[in-house]
Every structure is written in structure tokens, then in C-alpha cells.
Amino acid sequence: MVPRLARLIAELRARHDRSWMDEALLACLERLRDGGPTQWEDVEVHDAWSTPDAFAITYSWPWGPDVGLVRRRASMQGEDPVEAAQFIADFDVAEPLGTAAARLHYDRAGLGWWGDLPAPGRSSR
């Protein structure tokens, strides 16, 4: 596990007032740490944060560009944040971009974003 992913998980675990989106983000990051049915071991998480209605993860693959994924609560499946987030980890982050690569929206820093855009600002923690 990359040290940055471990720190992000520890920061979220240390919060006692986690929101639904915090719980979802934590579950997504833990799934990327622990593995699932896809290529999770090839993903390197660089940063992750949540807002009241979304979370964002920036990550890279060994054979692709650095990207950011945004998922808003309204687009997540189900009422359980863990179940919803594990699906995102397995089938959004831990899968190759495929056709999403052609639809990336690049920010000023050159990071390609996809998902439920626009990307939320980093929340203060």
C-alpha cells in the first residue's frame, strides 16, 4: 500500500463526525487498499476528499494519465455508503478508463477529470 493511501484512510478513520460521504469515501479507499475483483493493485491514489454531497479521488495507473474521479451522492447506488463506494472502487477506479479517457475534462494543472463533474473543492479537515 502506498503511504499516501494509508494516511488518507487514517485521517478519515480518526474523524468521529463522519458524514455519509465521508463513510463512502473511507469505504472506497479501504476497498482500493484491500482489493476487489478488478485491477485494484495497479491503482495509485494521490489524494481524496469529500464534501457534503460528493467525493473526489485523484489517482493514476501505470499505463495511463493521472486522473480525478468525482462521484456525487445522487448518482450512487443504494442507501448504504459502504456498498455504494465499494462498487465505485471496483468498477470505476480499479478498471481501466476505456472510453472515459476520451471524455476527460482537464483542469489548469493538467489533471483529467471524469464522473459527476464539476470537481468539488477540497473540504477543510
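Notes on the structure follow.

Scoring rules and cut-offs
Residues numbered from 1 in each chain as written. Predicted model: local features only at pLDDT ≥ 70, side-chain atom pairs only at ≥ 80, totals over all residues. Heavy atoms only, no water. Helix = DSSP H or I, 4+ residues; strand = E, 2+ residues; numbered from the N terminus. Expected span 1.5 Å × (residues − 1). Contact = heavy atoms within 4.5 Å. Phe/Tyr/Trp six-rings, centres within 6.5 Å; stacked < 30°, edge-to-face > 60°. Buried < 20%, exposed > 50% of the residue type's maximum accessible area, 1.4 Å probe, protein only. Salt bridge = Lys/Arg side-chain N within 4 Å of Asp/Glu carboxyl O. Axes fitted to C-alpha atoms, helices over the stretch in contact; angles between N-to-C directions. Parallel < 35°, antiparallel > 145°, perpendicular 65-115°, else oblique. Left-handed = near helix turned anticlockwise from the far one by under 90°. Nonpolar A, V, L, I, M, F, W, Y, C, P; charged D, E, K, R; others polar.

**Regarding helix α2 (residues 20–34)**
For an α-helix the count is 3.6 residues per turn, leaving residues at separations of three or four pointing the same way.
Moving on, step 1. For α2, which comprises 15 residues, the first-to-last C-alpha distance of 21 Å matches the rise-based estimate of 21 Å (1.5 Å per residue) to within 8%.
Moving on, step 2. If you follow the buried residues of α2, they end up packed against α1 (3–14), β1 (44–51), β2 (54–60), β3 (67–72) and α3 (81–93).

**Regarding the packing of aromatic side chains**
Moving on, step 1. Tallied over the full model, the rule gives two aromatic pairs.
Moving on, step 2. Plain terms: the ring middles of tryptophan 49 and tryptophan 113 are 6.1 Å apart, the flat faces sit at 70° to each other, and that makes the pair edge-to-face. Separated by 64 residues along the polypeptide, tryptophan 49 in strand β1 and tryptophan 113 in strand β5 (residues 112–115) bring together distant segments of the chain.
Moving on, step 3. The class of tryptophan 49 is buried, set by a relative accessible area of 8%.

**Observations regarding the pattern of salt bridges**
Moving on, step 1. Under the defined criterion, the tally for this structure stands at eleven salt bridges.
Moving on, step 2. Across the pair aspartate 34 and arginine 33 runs a salt bridge whose closest N-O atoms are separated by 2.6 Å.
Moving on, step 3. Taking relative accessible area as the criterion, aspartate 34 reaches 48% and is therefore assigned partly exposed.
Moving on, step 4. A salt bridge links arginine 71 to aspartate 116, with the nearest nitrogen and oxygen atoms 3.3 Å apart.

**Considerations on the packing of α2 against α3**
Moving on, step 1. Running from amino to carboxyl end, α2 crosses α3 at an angle of 45°, the nearest separation of the two axes being 8 Å. Taken together, the axis directions place α2 and α3 in an arrangement best described as oblique. Crossing geometry of α2 relative to α3 is assigned as right-handed. Only Pro81, Val82, Ala84, Ala85, Gln86, Ile88, Ala89, Asp90 and Val93 of α3 make contact with α2, whose side of the interface consists of Trp20, Glu23, Ala24, Ala27, Cys28, Arg31 and Leu32.
Moving on, step 2. Residues of the contact of α2 with α3, tallied by class, amount to twelve nonpolar, one polar and three charged.

**Comments concerning unusual backbone geometry**
Moving on, step 1. Residues leucine 117 and proline 118 are joined by a peptide bond in cis, for which omega reads 5°.
Moving on, step 2. Turning to its location among the elements, proline 118 is positioned in the segment after β5.

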